[in-house]
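Read off the chains here:
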Amino acid sequence: MGDLRRMPAMSRSVVRVAITFLVAVATVVTPLGGLAKAQAALTDLPDETWGVIDVTRSITTLVPAEVLAIEQIGNTIYAGGQFTTVVRRRAIDPEYAQPYLAAFDATSGDWIDWWTPELNGPVFTLEASADGTRLYVGGEFTEVNGHPDTAGLVALDAASGRIDHTWTPRIENAFVDDPGVVRTMKESGGFLYVGGSFTHVTGNQPSSRRYTWKLARLSLTDAAPDPAWRPQVTGGGVWGLDHDPVRGRVYLAGFFEAVNSAASSDNFAVVRDTDGSTITGFPRFPELTPDQDHQFEVIAHGHYVWVAGTQHLIHMLNASDLSINRRWLTGFEDGFHIGGDFQAIGILDDAMYATCHCWGVLRELPNWVTTLAEARNIQPLTDEVQGTMGFDLATGDYITGWSPDILGSIGGWAIHGGADGCLWAGGDLNRRAVGDTWRNGLVRWCDDAGQGPPAGPPLTEQPPPETSPPTVPASLTASDVGDGTVDLAWSAATDDTAVAYYRVYRNGSLMRATKGLTLIDRAATPGDTYTVRAVDPYDNESADSAPATPYLAGYVVPVLIASFDGNDEGFVYSDDSFGATSEPGYADGLLRRDGGDPDGNVMVFLGGVDGADLGPFSGAWEKGFVLPTAGEVEISLKHKLEVKDALENSEYGETRAAIDGIELGGGYLSRIAGGGETGWLDYTTTMSLSAGAHVLSVGGYQNAKTTNTEFIQASFDDISITSLNPAVGFTSPLPNTEITGVTAFELRASSVVDPSSTLAVEVSIDGGNGWAPAIWNSASERFDFTHDFTTEAEGPFVLEARVTDASARLGYTSATYIVDNPVPESFTLSGVVSAGGAPLSGAAVLVYESTTASYLGYAVSDGAGFYSREL
């Protein structure tokens, strides 16, 4: 499946060109006939079947298309993309949240509502295993069904949608912020060939990790990358590939600069399937527009290789030497006949079908045509192209008489032909507005004889093979290591199948999943309680472990903290948050679970949508917070501004932030007029706030736009608001423990302003009427304080501590201890006199009253009688 994706910064300009509709201003027609083949039209199926709607923009694509991949196993159609919702094609039907991947019955078109894998990012490519048991899923997601280490590529059990834990690769993009992304796959020759934008691949075993260059082939047994096959793809990424086992070739298409540094290997290349070396010496099809020859898809079939891509071209190459056999061009007619790139190709029966964002004319170009000016002189084959067309596989003849009535801004991005004689296409497609004819992103046609017999049995929901949960993880510990960081560790659980991973919960909410037995929480706050559960391959989850609560003494507590690693951290998106704007249709908010600095972030997308002159517009992510006491706070965040297409000189975009409507940074944090991006920038400021509730807003503002390709992205990460008051706490002994006699206390004090060693710490031992200094201990980096509790009353005793920084900011805490001085069985009594005035000395004994089961006091004898003292 071909798909348009955002490239690294050096290549983004050509991506914009690739999706721009080109319209010619004049045409000179030269007849060229005998190149069309008539074939019976495919027949539309009923409109009132299921489809997908609503696009969530990804961090690596500029294409707002619902469907980007289609695959079929048996009688099930799997659709992947950027959609978030499944809906029946009738306005009266409810909508169902099922983002990025869904399954449909190939015969009825009905959504299979129990087949519901959970992905947290878009799907770009799907591939069925040869035996039909696995569905390989590639894309931009970082987590599947809550399981860790499923970023970019996962194998699902095709029948159930559960993860196949016998095949667990890990895709990485180790050198940039964006996640590792898989855009294309092909199972062939005992391997799964994988292309995209990534740097490392690891199979089931950690020792199999290999440095790759946007391309790898993985073992079908253990997902290990083949160390003997590592072509080096530089620049951009691989978007389409196919394997020709007969000729020993792997064809590559995409947005890349070179393969193995070979000359003329940009965007389309051929490598050997033995060692990945580049096969050179083939002729290069000409570029009609210099530097715009990026390719989206390639399919090798029989004696031909079909290549579809930019410049509005599709090529039919002779497989023997890759010379041009035939080629076609869309567009360049007049203002009503708009051409666009070919984006996906697929085979049904004896025809090759292609999708494009083109509505209008199609030309076949002779081999001598090498420029757009020459192309405009060629007489069109048809002026009825409607985003999808077909060509005879054997001859290449254009199939006349089939012009499906569909419409979409950027057309189809996936196409699939099935064994039942039906053709499926997906993208942002819908039928023209004739009654209730919306297609909702997924379209199906069958041949004129109707739909053939089912390609296989329908899916039926099966219970998991086993339902017994793993044992409970034991020995959970949570150790405070300072500055809000807690080290968690626990003992392994067991299961009758296997323990797939562990879920770690903070205060009852899922914090993170991991395959290991340790985890670091860098955003802990005082009072946090942790538990761990074990999960088996069938999502059976154990009960909670025994809780662990670290004591975070002297920790400067953030009033608000958000890293966006896995969720929105309580932030909500709101339109028109800045500058009194009122254009909600031109701003969107998006949580991105990866691609931040270094993890997830929130982004506001502004502009695009249509070609109307408009402005200004804005949007923001907002969250309320409460400041316990009035004082100065520090606001810290990371922000990035990206202008995705050059604005006019008078147009600009901004990142903005505000508290209670008071904008920070003098009105904006960053601004770009024209084009470009800032990269991640740090912003820190302080301000005084009253005690009580406040609202933080972070987002973007754009003053104007003139086209639908002018838009900006304002991104934010690692947001924190911290009180500048210092903090102090007792670290040893821990509060609520028993103490006796002379006790040495250790206190931690910290500040976001001053070093701990410069702070003044005092302890009150008599209810606040007097304060004694605690002494800084440079070895332990703590403050020491000692008090003798020998004469203190038994029972609870409250110690108070306060800390003062260089600016006289004050922090305070109190802690309760249990005074429990032991009662000696005997002791030497001195300083006590008898009734006659003589000093007494000797061994004293405890006087015990058996009827009350209590000690009454001490007694000592002078030879004549006992003298006592009450307890």
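Criteria and thresholds
Residues numbered from 1 in each chain as written. Predicted model: local features only at pLDDT ≥ 70, side-chain atom pairs only at ≥ 80, totals over all residues. Heavy atoms only, no water. Helix = DSSP H or I, 4+ residues; strand = E, 2+ residues; numbered from the N terminus. Buried < 20%, exposed > 50% of the residue type's maximum accessible area, 1.4 Å probe, protein only. Contact = heavy atoms within 4.5 Å. Areas by Shrake-Rupley, 256 points an atom, 1.4 Å probe, with all protein chains shown as cover. Pairing = 2+ DSSP bridges. Disulfide = S-S within 2.5 Å. Axes fitted to C-alpha atoms, helices over the stretch in contact; angles between N-to-C directions. Patch = residues over 30% accessible without salt bridge, like charges linked within 9 Å, V, L, I, M, F, W, Y side chains within 5 Å. Salt bridge = Lys/Arg side-chain N within 4 Å of Asp/Glu carboxyl O. pLDDT = per-residue confidence, 0-100. Polar contact = N/O pair within 3.5 Å; in protein donor to acceptor, adjacent residues only side chain to side chain. Phe/Tyr/Trp six-rings, centres within 6.5 Å; stacked < 30°, edge-to-face > 60°. Core = buried A, V, L, I, M, F, W, Y, C linked by side-chain atoms within 4.5 Å.

Caption draft 1: Structural detail: the overall build of the protein chain. Per the secondary structure count, the protein chain includes 2 helices and 67 strands. For the protein chain, the proportion of its 871 residues judged to be buried stands at 54%. Restricting the contact set of the protein chain to residue pairs at least 6 apart, pairs at least 24 apart contribute 62%. As displayed, the protein chain offers around 34200 Å² of accessible surface, 51% of which is attributable to carbon and sulfur atoms.

Caption draft 2: Representation of the pairing of strand 8 (residues 101-105) within the structure. Where burial is concerned, most of strand 8 is hidden: 5 out of the 5 residues are buried. Covered by surrounding structure in strand 8 are Leu-101, Ala-103 and Asp-105 together with Ala-102 and Phe-104, the residues of both alternating faces. Pairing analysis gives 5 bridges linking strand 5 (residues 76-81) to strand 8, with the strands arranged antiparallel. Looking across to strand 8, one finds that Thr-76 is bridged to Asp-105.

Caption draft 3: Summary view of the state of the cysteines. One pass over the full model with this rule turns up 2 disulfides. Paired by a disulfide, Cys-422 and Cys-446 hold their sulfur atoms 1.8 Å apart. Judged by the sign of its S-S torsion, about 90°, the bond between Cys-422 and Cys-446 is right-handed. With a gap of 24 residues between them, Cys-422 in strand 33 (residues 422-427) and Cys-446 in strand 35 (residues 442-446) connect regions that are remote in the sequence. The same class applies to Cys-422 as to Cys-446, namely buried. What connects to what in the protein chain, once the bonded cysteines are numbered by sequence position, is 1-2, 3-4.

Caption draft 4: Region of the structure containing the sheet that holds strand 13 (residues 181-188). If you walk across this open sheet you meet the 3 strands as 13-14-17, and the pairing is antiparallel. Taken across any chain shown, the strands that pair with only one partner, and hence form the sheet edges, are strand 13 and strand 17 (215-219). Direction aside, neighbouring strands of the sheet carry axes that sit 25° apart on average. In the sheet, strand 14 (residues 191-197) pairs with strand 17 via 5 bridges, with the strands oriented antiparallel. Bridge pairing in strand 17 links Leu-192 to Leu-218.

Caption draft 5: Focus on unusual backbone geometry. Residues Gly-615 and Pro-616 are joined by a peptide bond in cis, for which omega reads -5°. Along the chain, Pro-616 turns up in the loop between strand 45 (601-607) and strand 46 (617-627). Looking along the chain, the bond that leaves Ser-732 and enters Pro-733 is cis, with omega of -15°. Mapped onto the fold, Pro-733 is located in the loop between strand 55 (727-732) and strand 56 (738-739). Although it is not a glycine, Asn-267 adopts a positive phi angle of roughly 70°. Checked against the element boundaries, Asn-267 lands in the loop between strand 21 (258-259) and strand 22 (268-272). Judged by its relative accessible area of 3%, Asn-267 is buried. Within the chain, Ala-580 stands out as a residue other than glycine whose phi angle is a positive 55°. By secondary structure assignment, the location of Ala-580 is in the loop between strand 43 (572-575) and strand 44 (587-592).

Caption draft 6: Structural detail: a nonpolar patch on the surface. Residues Phe-175, Val-176 and Tyr-211 make up a contiguous nonpolar surface patch of about 310 Å² in total accessible area. With respect to the secondary-structure elements, Val-176 resides in the loop between strand 12 (170-172) and strand 13. Look at Val-176 and you get partly exposed, because its relative accessible area is 47%.

Caption draft 7: Local environment of the confidence of the model for the protein chain. Here the protein chain shows a mean pLDDT of 84. Residues at 70 or above account for 85%. Confidence, expressed as mean pLDDT per element, reaches its minimum in the protein chain at helix 1 (residues 12-18) with 27 and its maximum at strand 9 (residues 123-128) with 98. The model gives residues 1-36 a pLDDT under 50, and that stretch makes 114 contacts with residues more than four places away or in other chains. The low-confidence segment residues 825-835 (pLDDT under 50) makes 28 contacts with residues lying over four places distant or belonging to another chain.

Caption draft 8: Up close: the sheet that holds strand 3 (residues 50-55). Pairing is antiparallel across the open sheet formed by 3 strands, whose spatial order is 3-6-7. If you trace the sheet from one side to the other, it starts and ends with strand 3 and strand 7 (95-97), each paired once. For this sheet the average axis-to-axis angle between neighbouring strands, irrespective of direction, equals 35°. Of the pairings in the sheet, the one linking strand 3 to strand 6 (residues 83-88) comprises 5 bridges and is antiparallel in character. Each residue of the ladder has a partner; that of Val-52, found in strand 6, is Val-86.

Caption draft 9: Representation of the environment of Ser-207 in the model. Structurally, the position occupied by Ser-207 is in the loop between strand 15 (200-202) and strand 16 (210-211). The exposed category is assigned to Ser-207, whose relative accessible area is 65%.

Caption draft 10: Structural context of the side chain of Ser-219. Structurally, Ser-219 can be placed in strand 17. The exposure class of Ser-219 is buried, given its relative accessible area of 19%. Only 3.2 Å separates the side chain of Ser-219 from the side chain of Asp-222, close enough to count as a polar contact. Contact partners of Ser-219, with chain neighbours within four places excluded, come to Trp-167, Phe-191 and Ala-224.

Caption draft 11: Up close: the pattern of salt bridges. Under the defined criterion, the tally for this structure stands at 23 salt bridges. In this structure, Asp-244 and Arg-247 form a salt bridge, with 2.9 Å as the shortest nitrogen-oxygen distance. With relative accessibility at 31%, the residue Arg-247 sits in the partly exposed group. The salt bridge partner of Glu-642 is Lys-640, with a shortest N-O separation of 4.0 Å. Per residue, the accessibility class of Glu-642 equals that of Lys-640, and both read buried. Here the residues in one salt-bridge network are Arg-503, Arg-533, Glu-541 and Asp-544, joined through shared partners.

Caption draft 12: Summary view of the packing of aromatic side chains. Tallying each qualifying case throughout the model produces 29 aromatic pairs. Between Tyr-211 and Trp-213, the aromatic rings sit 4.9 Å apart at their centres with planes inclined by 20°, giving stacked as the arrangement. Taking the relative accessible area as the measure of exposure, Tyr-211 reaches 35% and is therefore partly exposed. Between Tyr-573 and Trp-621, the aromatic rings sit 6.0 Å apart at their centres with planes inclined by 65°, giving edge-to-face as the arrangement. In this pair, Tyr-573 sits in strand 43 while Trp-621 sits in strand 46, placing the two residues 48 residues apart along the sequence.

Caption draft 13: Looking closely at the nonpolar core. Core analysis: the biggest nonpolar cluster contains 36 residues, and Leu-696 and Ile-719 have the highest contact counts within it. Setting aside residues up to four positions removed in sequence, Ile-719 forms contacts with Leu-560, Ile-561, Ala-562, Phe-564, Phe-571, Ser-636, Leu-637, Leu-696 and Val-698.

Caption draft 14: Here's a closer look at the pairing of strand 41 (residues 530-535). Among the 6 residues of strand 41, 5 are classified as buried, and the element is accordingly described as predominantly covered. Sheet topology note: the strand 38 (residues 501-506)/strand 41 ladder contains 6 bridges and is antiparallel. Paired with Tyr-505 across the two strands is Thr-531, which belongs to strand 41.

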